[in-house]
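A closer look at the structure
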Amino acid sequence: MPVVAAIFQTQLFVSVALAVVALALILGATAYCIYFERKVAAWIQDRMGPSRVGPWGLFQPIADGLKFVWKEDSFPAHVDKLLFVLAPTISFVVPLVLFAAIPWGGQLDVGGGNLVEVQVANPDIGLLYILGVAALSVYGVVLGGWASRNKYSFFGGMRACAQMLSYEIPLGLCILVVVLTMGTLRLEQITAAQTGYWLGFIPQWNVFLHPLAFVLLFICMLAECNRAPFDLPEAEQELVGGFHTEYGALKFGMFFLGEYAHMITSGALISVLFLGGWHLPWLAWTQPDAVSWGAALCKIVVLCAKVCFFIFVMMWIRWTLPRFRFDQLLRVAWQGLIPITLALVAWTTGLLYFGVQRSPLWTLWGNVLILAAALAWVARARTPVTGRQDNLPPVGAGTGGAG
Amino acid sequence: MTVSTSYLLYLVFAVGGVGVYLLLPRAQRSARAAGTLLALAALAALLVVLAVRMLGPGPTAGYFYVFATVALAAAVRVVTHPRPVHCALYFVLVVVAVAALLVLQRAEFLAIALIIIYAGAILVTYVFVIMLAQQRGDAVYDTRAREPLLGVLAGFVLMAAMAGQVDRLPLPRPSAASPFTGAVLSISPQGLPAGPAQLPGNTLTVGQLVMTKYVVVLEMTGVLLLVAIIGAVALSGKRVPVDQPPPTWVVGKIGKEVKPF
């Protein structure tokens, strides 16, 4: 059957197959992320965690999912129905669409010397595609808060809007550092460019070039996912449930799954940008010239393991650190992250001019200098970085004074 | 006898203008059905004129009609919907649909820049402001168009004037060999890595052009934005010194705050 074989060997077939498989796997993975989160929380708090449904509580996500589906799909009387349904849909769909540009397994020889990418799409604008589509996810939270016609929901939505807009800027700047260093927007090329070694044993991952950008990008991603300590939009103690107070059943489930899907996407993106994607040093199957089926599978497993690592760190942070206050949150973004990332971009641009943007000596010097400058600035600043603003005009004192 | 495409387009825009005029929000909603019918008829006629007279078949023609329909219908809803939040969201839909049209023209960079800047940043801010500004239902100035006749006349005359010239422009006609029209493809991409999976993208080309031929414009845009930022900082209110005691505000007898002498 040469015709059938030819169809199997096209990029289109691999893309469509990968899209279907990845979608199904990710839907399952998000459900089990929730189980994992509860187990991690239990471990950190010295409890058992879910243990009743199935062995070790493994069927708990299935039971939860069935419960979401079988509950009554109710609409409160006062909501804006179209937007009320649209909001969880956006929250759920946007992270799934983002998976299209993640390079899961490098190149694959499908027979006859045909190399295809194990990636749904490899557009020229790869990283910009991810930034652009991710920017749309703010609508889900904001519209959910607004369409509910509930003050707590509205506060949650407004907080989400300000927070995600603020943290998108340092996020974009951190990604810009990588783009300047790599000189390409294609995620596949960014991964492939990280497969060499310095001194013969240090993998050329970007995390060793720009550790500061790596940490800051991770912080911004926590904020973009609305994860603790940036989970102000759904702060239970202040806002009942935040933007999803009025939601129940499947619509709430979509918000919930969307958050975990966003975590997986963020983990995949930061792995590709800073931890070499599917590359693992000294493992022959994860090198760019390994194109067999086994190698592709091995690369996918490596990338998934890195994603799992980031998801675990996110959960660890959630159950360890308390939440920011909102003014602290915005101040961290505008007065902390944005100046530091701007300085990083400026330094990288300078290195690019001299052609040494991929020499770790120079980039690390920049990181150390910028970090030292930031710390010195904080140390000599007269205003406290955190703490209560006791000297603002009292509440209800008119519009004349508050800044 | 064949009618020139320009006159067909003028007719389409006249019908569409009447439809949109009837659709604009006003006190009594008597003519909405007629307006919807007229606007839909004009949309369909416009697509037919485009299909028969100008575009011809191509591998992506179907996508063009889908996204063009979405963009035009959403654009009409931006001006006719009585609720501002919905208007802003329809604007987002317009932006996304236009970005899709740009992708069809292989202008991927422009498309994603449009989405990042408009849908991702500017319109989110609009939505934010609209939501904060209107918490007590719809205002009168949103549920009624202020100058429906003038607005529709100005908009549609402008569109008709522009579209009427399309017939006379020396646009490259699509063919089987190069199904993409428009100016973007006439920029030859330089230095692109050749490979089986590499589509000719235009990020590199746009970057080269912006940084060489149009570098003055780029710098001027940067200066303009810097001025805007400084203006925003200057306008955004007084600083409250943290280390000084605040002025004591006195509440007067009728509840207004009085500044101490």
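First, a word on what this report is: a plain description of the structure on this page. Keep in mind it's a predicted model, so treat the numbers as computed, not measured.

1. Quick notes on the overall build of chain B
Secondary structure summary: chain B contains 9 helices and 2 strands in total. Listing the helices and strands of chain B from first to last along the sequence gives α-α-α-α-α-α-α-α-α-β-β. The buried share of chain B, taken over its 261 residues, is 26%. For chain B, the computed accessible surface area is about 16800 Å², with 72% contributed by carbon and sulfur atoms.

2. Re the nonpolar core
One finds Leu127(A), Tyr139(A), Ile175(A), Leu217(A), Leu273(A), Phe274(A) and Met131(B) to be the most contacted residues of the largest nonpolar core, which totals 118 residues. The element that contributes the greatest number of residues to this core is helix H7 (residues 151-182) of chain A, accounting for 15 residues. Discounting residues that sit within four places of it in the chain, Leu127(A) has contacts with Ile175(A), Val179(A), Leu185(A), Leu187(A), Ile190(A), Leu269(A) and Leu273(A). Core analysis: the second largest hydrophobic core is formed by 15 residues, Leu9(B), Val20(B), Leu50(B) and Ala68(B) among them.

3. Some points on the pattern of salt bridges
Residues and elements named next belong to chain A. Applying the stated criterion across every chain yields a total of 6 salt bridges over all chains. Here Arg-227 and Glu-37 are joined by a salt bridge, their closest N and O atoms 2.9 Å apart. Within this pair, whereas Arg-227 is found in the loop between helix H10 (211-224) and helix H11 (236-239), its partner Glu-37 is found in helix H2 (residues 11-44), the two being separated by 190 residues in sequence. For Arg-227, a relative accessible area of 1% corresponds to the buried category. Of the charged contacts, one joins Asp-73 and Lys-251 as a salt bridge, the two residues approaching to 2.6 Å between their closest N and O atoms. Of this pair, Asp-73 sits in the loop between helix H3 (60-70) and helix H4 (81-98) while Lys-251 sits in helix H12 (residues 249-274); the two residues are 178 residues apart in sequence, bridging distant segments of the chain. Where salt bridges share partners, they join Glu-37, Arg-227, Glu-259 and Arg-318 into one cluster.

4. Here we look at the packing of H4(A) against helix H5 (residues 126-135) of chain A
All names here are of chain A. Two elements in contact, H4 and H5, have axes whose closest approach is 9 Å; the angle formed by their N-to-C orientations is 175°. By the criterion of interaxial angle, the relationship of H4 to H5 is roughly antiparallel. Residues Val-94, Val-97 and Leu-98 of H4 lie in contact with H5, whose contacting residues are Tyr-129, Ile-130, Val-133 and Ala-134. Looking at the contact of H4 with H5 residue by residue, the class counts come to 7 nonpolar, no polar and no charged.

5. Side note on helix H1 (residues 5-23) of chain B
Residue and element names in this part refer to chain B. Helix length check: H1, at 19 residues, gives a terminal C-alpha distance of 27 Å against a target of 27 Å (1.5 Å per residue), a fit within 8%. Taken together, the buried positions of H1 are Thr-5, Ser-6, Leu-9, Val-12, Phe-13, Gly-16, Gly-17, Gly-19, Val-20 and Leu-23. End-on view of H1: buried residues confined to an arc of 170°, all on one side of the axis. Within H1, the exposed residues directed more than 90 degrees away from the buried face are Tyr-7 and Leu-11.

Thresholds, definitions, all that
Residues numbered from 1 in each chain as written. Chains lettered and ligands numbered in written order. Predicted model: local features only at pLDDT ≥ 70, side-chain atom pairs only at ≥ 80, totals over all residues. Heavy atoms only, no water. Helix = DSSP H or I, 4+ residues; strand = E, 2+ residues; numbered from the N terminus. Buried < 20%, exposed > 50% of the residue type's maximum accessible area, 1.4 Å probe, protein only. Areas by Shrake-Rupley, 256 points an atom, 1.4 Å probe, with all protein chains shown as cover. Core = buried A, V, L, I, M, F, W, Y, C linked by side-chain atoms within 4.5 Å. Contact = heavy atoms within 4.5 Å. Salt bridge = Lys/Arg side-chain N within 4 Å of Asp/Glu carboxyl O. Axes fitted to C-alpha atoms, helices over the stretch in contact; angles between N-to-C directions. Parallel < 35°, antiparallel > 145°, perpendicular 65-115°, else oblique. Nonpolar A, V, L, I, M, F, W, Y, C, P; charged D, E, K, R; others polar. Expected span 1.5 Å × (residues − 1). Arc of directions from axis to C-beta.

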